[in-house]
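Residues per chain are reported as follows:
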Amino acid sequence: MSIEAVNPSTGDTIKTYDEMTPAQAAACVKQAHEAWRCWRNTPFAERGRPMKQAAAILRQRKQEFAGLMAAEMGKPLKQGIAEAEKCAWACDHYAEHAEKYLAPETVNTDASRSYVAFEPLGVVLAIMPWNFPLWQVFRFAAPALMAGNAGVLKHASNVPGCALVVEEIFRKAGVPEGVFRTVLIGSSGVKALIEHPLVRAVTLTGSTPAGKAVAAQAGAVLKKTVLELGGSDPYIVLEDADLDLAVDTCVMSRLINSGQSCVNAKRFIIVEPVLDAFTARFVERMKTKKMGDPIVEGTDVVVSIYPSILPPSTSTWASFHDGLRFSVHTVG
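Note that the structure is predicted; figures quoted are calculated from it, not measured.

(A) Region of interest: unusual backbone geometry. Its identity as a non-glycine residue notwithstanding, Leu222 has a phi of 55°, on the positive side. Summarising the element assignment, Leu222 is placed in the loop between helix H8 (208-220) and strand S9 (224-228).

(B) The arrangement of the packing of aromatic side chains in detail. The full count for this structure, using the stated rule, is 8 aromatic pairs. Aromatic pair Tyr94 and Tyr101: ring centres 6.4 Å apart, planes at 65°, arrangement edge-to-face. Among the residues examined, Tyr94 registers a relative accessible area of 24% and is labelled partly exposed. Their ring planes at 40° and their centres at 6.4 Å tell us that Phe140 and Phe180 sit as a pair that is tilted.

(C) Here's a closer look at the nonpolar core. The biggest cluster of nonpolar side chains holds 44 residues, and the ones touching the most others in it are Leu58, Leu134, Phe138, Phe170 and Phe180. For this core, the elements supplying multiple residues, two or more each, are helix H1 (22-39), helix H2 (44-60), helix H3 (62-73), helix H4 (77-101), strand S5 (123-127), helix H5 (135-146) and helix H6 (160-173). The element contributing the most residues to this core is H5, with 9 residues. Residues within four places of Leu134 in sequence aside, it is in contact with Leu58, Phe65, Met69, Glu83, Cys87, Cys162, Val165 and Val166. With 22 residues, the next largest nonpolar core counts Ala25, Leu125, Val152 and Leu204 among its residues.

(D) Local environment of a nonpolar patch on the surface. A cluster of nonpolar residues, Val107, Val116 and Phe118, forms a patch on the protein surface that exposes about 210 Å² of accessible area. Of note, Phe118 is situated in the loop between strand S4 (115-116) and S5. Residue Phe118 is classed as partly exposed on the basis of its relative accessible area of 37%.

(E) The packing of H2 against H5, seen in detail. The geometry of H2 relative to H5 is characterised by a closest axis approach of 9 Å and an angle of 155° between their N-to-C directions. Here H5 runs roughly antiparallel to H2, going by the angle between their axes. Along the contact surface, H2 presents Phe44, Arg47, Gly48, Met51 and Leu58, while H5 presents Phe138, Ala141, Ala142, Leu145 and Met146. Among the residues forming the contact of H2 with H5, the class breakdown is 8 nonpolar, 1 polar and 1 charged.

(F) The arrangement of the pattern of salt bridges in detail. A complete count under the given rule lists 18 salt bridges for this structure. Where Asp92 meets Lys52, a salt bridge forms, and the shortest distance between an N and an O atom there is 3.5 Å. Pair noted here: Asp92 is in helix H4 and Lys52 is in helix H2, with a separation of 40 residues, a long-range link. Note on Asp92: relative accessible area 13%, which makes it buried. Its salt-bridge partner being Arg285, residue Asp244 comes within 3.0 Å of it at the nearest N-O pair. A residue pair is termed long-range when its members are at least 10 positions apart, and Asp244 in helix H9 (residues 243-255) and Arg285 in helix H10 (residues 275-287) qualify at 41 residues. You can call Arg285 partly exposed: its relative accessible area is 22%.

(G) Seen up close, the sheet that holds S9. Strand order in the open sheet made by the 5 strands is S7-S6-S5-S8-S9, with parallel pairing throughout. In this open sheet, the two edge strands, each paired with only one partner strand, are strand S7 (180-182) and S9. For this sheet, the mean angle separating the axes of adjacent strands, direction not counted, is 15°. With 3 bridges joining them, strand S6 (residues 150-154) and S7 adopt parallel strand pairing. Residue Gly151 lies in a different strand from S7, and its bridge partner there is Phe180.

(H) Highlighting the side chain of Ser114. Following the sequence through the fold, Ser114 ends up in the loop between strand S3 (105-106) and S4. Within the structure, Ser114 has its side chain in polar contact with the side chain of Thr109 (distance 2.4 Å). With residues near it in sequence (within four places) discarded, Ser114 still touches Glu105, Thr106, Val107 and Thr109.

(I) Fine view of the packing of H5 against H6. H6 packs onto H5 with a crossing angle of 35° between their chain directions and a minimal axis gap of 12 Å. In the packing of H5 onto H6, the handedness of the crossing is right-handed. In contact with Val137, Phe138, Ala141 and Leu145 of H5, H6 contributes Val166, Ile169 and Phe170. Among the residues forming the contact of H5 with H6, the class breakdown is 7 nonpolar, no polar and no charged.

(J) Region of the structure containing H8. Under the 1.5 Å per step criterion, the end-to-end length of H8 is 18 Å for 13 residues, consistent within 8% with the ideal 18 Å. All of the buried residues along H8 are Gly211, Val214 and Ala218. What you see down the axis of H8 is that its buried residues fit within an arc of 70°, all on one side. When the buried face of H8 is taken as reference, the exposed residues oriented beyond 90 degrees from it are Pro209, Lys212, Ala216 and Ala220. Looking at the buried residues of H8, the elements they touch are S5, helix H7 (190-195), strand S8 (199-205) and S9. Immediately beyond the C-terminal end of H8, within one or two residues, lies Leu222, with a positive phi of roughly 55°.

Procedures and definitions
Residues numbered from 1 in each chain as written. Predicted model: local features only at pLDDT ≥ 70, side-chain atom pairs only at ≥ 80, totals over all residues. Heavy atoms only, no water. Helix = DSSP H or I, 4+ residues; strand = E, 2+ residues; numbered from the N terminus. Phe/Tyr/Trp six-rings, centres within 6.5 Å; stacked < 30°, edge-to-face > 60°. Buried < 20%, exposed > 50% of the residue type's maximum accessible area, 1.4 Å probe, protein only. Core = buried A, V, L, I, M, F, W, Y, C linked by side-chain atoms within 4.5 Å. Contact = heavy atoms within 4.5 Å. Patch = residues over 30% accessible without salt bridge, like charges linked within 9 Å, V, L, I, M, F, W, Y side chains within 5 Å. Areas by Shrake-Rupley, 256 points an atom, 1.4 Å probe, with all protein chains shown as cover. Salt bridge = Lys/Arg side-chain N within 4 Å of Asp/Glu carboxyl O. Axes fitted to C-alpha atoms, helices over the stretch in contact; angles between N-to-C directions. Parallel < 35°, antiparallel > 145°, perpendicular 65-115°, else oblique. Nonpolar A, V, L, I, M, F, W, Y, C, P; charged D, E, K, R; others polar. Pairing = 2+ DSSP bridges. Polar contact = N/O pair within 3.5 Å; in protein donor to acceptor, adjacent residues only side chain to side chain. Left-handed = near helix turned anticlockwise from the far one by under 90°. Expected span 1.5 Å × (residues − 1). Arc of directions from axis to C-beta.

What follows is the structure in structure tokens.
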């Protein structure tokens, strides 16, 4: 079996990777567990040094990482650079503040001394989506590793290069070998990893159906679970709204990350007296946005040949507007 990275703008195959066997994936979990046995006992300052170095690598190579994201999932280059910088911020933040966040908390009881302590759990399995291929990983990995845990990443199958580069960043930053591993497997292999006795917790960002499946599988083996799922994100425009500001905000929100974000605007609820004016201005603003190749400077929205990501290449925003998956509701 293989995992193929395909450029969504061209349809060209970037690279083909061998999918790990179940035994290879399980071996990664075991390696992470063995590495964790030492990592959990390191002081915060020792954990923080490689985390700060990871931040430095992210900043130094942000153009490279943005290009990788553009190639694998179609993120406009300028947004990929911003994503790499945000990941660096997360690494710095948790390197500097983890010890304070995890300090024991005194509790008043009738005992001579009572407190809540925060201890590392062990190996955390992260199942991450493709739309923010670096940020979604680092926002879990930076706090989890600084808390003394190990991480195993099962990333979306269309961003294998991004998945591997996260492991590379941590390794080059000086995080001990095995503390963070990437497994290249399909969704069919996730259940076995959740059930692996050395996996202590699971986190997923993704769809509601995926969240239900992971919650059921993790619950069946009594493992801690954190889920971040999608939403419907309505924007409500009332009669007294600053219409130009409302339109600009709605257009911006609809197009963030080429429309592929859980917080993108998906429903616009407009009171009837301003519906026509809002719609006309919305379409005009849309026409000013540049569609094209993600690596071209100034591209706002990526043209994809895959209907599941965006409508097929179009010459005008009028036809693109017709294909956008959102709805406008009126309130009389």
